[in-house]
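The residues making up each chain are set out below.
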Amino acid sequence: MVLPARYATAWPPAHWLVEACDVGQGDGLLLNTGRASAILVDAGPDARLIDRCLRDAGITTLDAVVLTHFHADHVDGLQGALRHRRVGPVLVSSLLEPAPQFERISALVAQSDGQLVSVVPRSTTTIGSWQIHDLTPAAEPMNAARLESQGSAPNNSSVVFLAQQGVVRVL
């Protein structure tokens, strides 16, 4: 039995909702919010790779950027994501560690006229046509020593959310 193959004639295909960017070690995910706009979740470690992904997807506006935590493989590419793009709020964990990465990211966001915003645990917001439900447990202020005792404090305090558009859900 031979099944017909379907090939996209352009990338990304029309009406795309979610795209995983090839950023090497790390993460970079796009949620389509409209013509030439998206939510970016993490920027990977390489500015060139995330910039290429955003250019290939035709993204000129980032309605929001979510940085799950401040490890290099999630944030070091941010400069490439911000380059020549309008940028909405940059949503981050309330644990601002490792400090050198946080300070560098804070300066980059300020240079782009963006604003760092700590995610409010258990909040819900709408960005474009996406409903964003934060799943971070509400707790006392982040205690780095306690989080570190369970492994990596930045990883353990990562932003976690469920994005939903119609029947499509992305965790």
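One can find the structure itself at the top, above this paragraph.
As a starting point, this report considers the structure included with it. Worth saying up front: this structure is predicted, and the values here are computed from it rather than measured.

**Focus: the pairing of strand 9 (residues 130-134)**
Burial along strand 9 is one-sided: W130, I132 and D134 are buried, and none of Q131 and H133, which face the opposite way, are. As judged from the four bridges shared by strand 8 (residues 124-127) and strand 9, these two strands associate in the antiparallel manner. For T126, the partnering residue across the bridge sits in strand 9 and is Q131. Taking the residues that link successive antiparallel strands as the turn, the strand 8-strand 9 hairpin has two residues, and the phi of G128 there is positive, at about 60°. The pairing of strand 9 with strand 10 (residues 161-165) spans four bridges and is classified as antiparallel. Bridge pairing in strand 10 links D134 to F161.

**Considerations on the state of the cysteines**
Taken as a whole and judged by the stated rule, the model has one disulfide. The disulfide partner of C21 is C53, and the gap between their sulfur atoms is 2.1 Å. Across the disulfide from C21 to C53, rotation about the S-S bond amounts to roughly -65°, and the bridge is consequently left-handed. On the criterion of sequence distance, the pair formed by C21 in the loop between strand 1 (18-20) and strand 2 (29-34) and C53 in helix 1 (residues 47-56) is long-range, its members being 32 residues apart.

**Points about helix 1**
Burial in helix 1 covers these residues: A47, I50, D51, C53 and L54. Looking straight down helix 1, one finds that the buried residues subtend no more than 160° of arc, so they occupy a single side. Opposite the buried face of helix 1, by more than 90 degrees, sit the exposed residues R48 and R55. Looking at the buried positions of helix 1, the neighbouring elements they touch are strand 1, strand 2, strand 3 (37-41), strand 4 (61-67) and helix 3 (78-82). Where helix 1 begins, one side-chain oxygen reaches toward the backbone nitrogen of R48, 2.8 Å away; that side chain belongs to D46. G58 lies just past helix 1 and shows a positive phi near 75°.

**Regarding the nonpolar core**
By size, the foremost hydrophobic cluster in this structure holds 27 residues, and its most contacted members are L30, L67 and L78. Among the elements of the structure, strand 3, helix 1, strand 4, helix 3, strand 6 (90-92) and helix 4 (99-111) are those that each provide at least two residues to this core. Every residue in contact with L78, bar those within four places of it in the chain, is listed here: A43, V65, L67, I105, L108 and V109. Residues L31, I132, F161 and V170 belong to the second largest nonpolar core, which totals 14 residues.

Calculation rules
- Every chain begins its residue count from 1, and numbering advances along the sequence as written.
- For a predicted model such as this one, the threshold for reporting local features is a pLDDT of at least 70, and the threshold for listing and counting side-chain atom pairs is 80 or more; totals across whole chains, interfaces and linings nevertheless cover every residue.
- Side-chain numbers here rest on the full set of heavy atoms in the structure, without hydrogens or water.
- Buried residues are those whose accessible area, probed at 1.4 Å on protein chains only, stays under 20% of the maximum for their type, while exposed residues exceed 50% and partly exposed ones sit between those limits.
- Only DSSP runs of H or I reaching four residues or more are called helices, and only runs of E reaching two or more are called strands; each is numbered from the N terminus.
- Any two strands with at least two DSSP bridges between them are considered paired.
- Working definition: a disulfide is two cysteine sulfur atoms within 2.5 Å of each other.
- Here the arc refers to the set of directions running from the helix axis out to each C-beta atom.
- Contacts are assigned to residue pairs with any non-hydrogen atoms lying within 4.5 Å of each other.
- Here a polar contact means two N or O atoms within 3.5 Å. Within protein one must be a hydrogen donor candidate and the other an acceptor candidate, and residues neighboring in sequence count only if both atoms are side-chain atoms.
- Nonpolar cores are built from buried Ala, Val, Leu, Ile, Met, Phe, Trp, Tyr and Cys residues. Side-chain atoms within 4.5 Å join them into one set.

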